[in-house]
Amino acid sequence: MAVITTDIVIEDMKREVVLDWLGKPENHLKLLQGAFSEVKEEGPGAYQLVLKTPLKSRTLSYRFSRVDEDHGGRRVHVTLEGKRVGGSLHYSLRTMKPSTHTLVTLHVDYDTGGVLGTVIDHAGLRHPYEEAWKQVLQNLLKALKG
């Protein structure tokens, strides 16, 4: 499994407000638009995404799964499906100091598909995939701050 982790601090917005917004599947379209070459909505929280890479475009499914409040932090889980990019994603939320700030960490575990997939990942897939997820967090900040 390959891993991508990126985060952003949302100032002057409590964790509960951010979790409430992320916990609504229909809001995820705002996160994805502009981060991927193409976004097709299949239903609330279900999207087909196209990621352009130097090697070839990849299509993946993004499916909102659930909100998890069973531990000290808060998480929103998403399932990803697609060749060399399928796996799981979760948004973790933590209260920062001052307590009005929220740290959102986006964590993606994805299966590159073995040895050949690892080579493909390093040769041109990983960088655009990572940049797309960074843009998703920038879109979150824009959506929340209006």
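Residues numbered from 1 in each chain as written. Predicted model: local features only at pLDDT ≥ 70, side-chain atom pairs only at ≥ 80, totals over all residues. Heavy atoms only, no water.

(A) Expanded view of the nonpolar core. Ranked by internal contacts, the top residues of the largest apolar core, which has 39 residues, are F36, Y62, Y91, Y129 and W133. Leave out the neighbours within four places in its chain, and F36 touches L49, V50, L51, L60, A132, W133 and V136. (Core = buried A, V, L, I, M, F, W, Y, C linked by side-chain atoms within 4.5 Å. Buried < 20%, exposed > 50% of the residue type's maximum accessible area, 1.4 Å probe, protein only. Contact = heavy atoms within 4.5 Å.)

(B) Seen up close, the pattern of salt bridges. Scanning the entire structure with this criterion turns up seven salt bridges. In this structure, E42 engages R63 in a salt bridge whose closest nitrogen and oxygen atoms are separated by 2.8 Å. Taken together, the positions of E42 in strand β2 (residues 38-43) and R63 in strand β4 (residues 58-68) put the pair 21 residues apart, joining distant regions of the chain. With a relative accessible area of 28%, R63 lands in the partly exposed category. In this structure, E131 engages K134 in a salt bridge whose closest nitrogen and oxygen atoms are separated by 3.6 Å. (Salt bridge = Lys/Arg side-chain N within 4 Å of Asp/Glu carboxyl O. Helix = DSSP H or I, 4+ residues; strand = E, 2+ residues; numbered from the N terminus.)

(C) Here's a closer look at the packing of aromatic side chains. Under the defined criterion, the tally for this structure stands at five aromatic pairs. With a centroid separation of 6.0 Å and 55 degrees between ring planes, the pair formed by Y47 and Y62 is classed as tilted. Of this pair, Y47 sits in strand β3 (residues 46-51) while Y62 sits in strand β4, placing them 15 residues apart in sequence. Just as Y47 is buried, Y62 falls in that class too. Note on Y129 and W133: the rings are 5.6 Å apart at their centroids and 65 degrees apart in plane angle, and the pair reads as edge-to-face. Of this pair, Y129 and W133 both sit in helix α3 (residues 114-145), four residues apart, roughly one helical turn. Residue Y129 is classed as buried on the basis of its relative accessible area, which comes to 0%. Taking relative accessible area as the criterion, W133 reaches 0% and is therefore assigned buried. Aromatic rings pair up to connect F36, Y47, Y62, Y110, Y129 and W133 into one cluster. (Phe/Tyr/Trp six-rings, centres within 6.5 Å; stacked < 30°, edge-to-face > 60°.)

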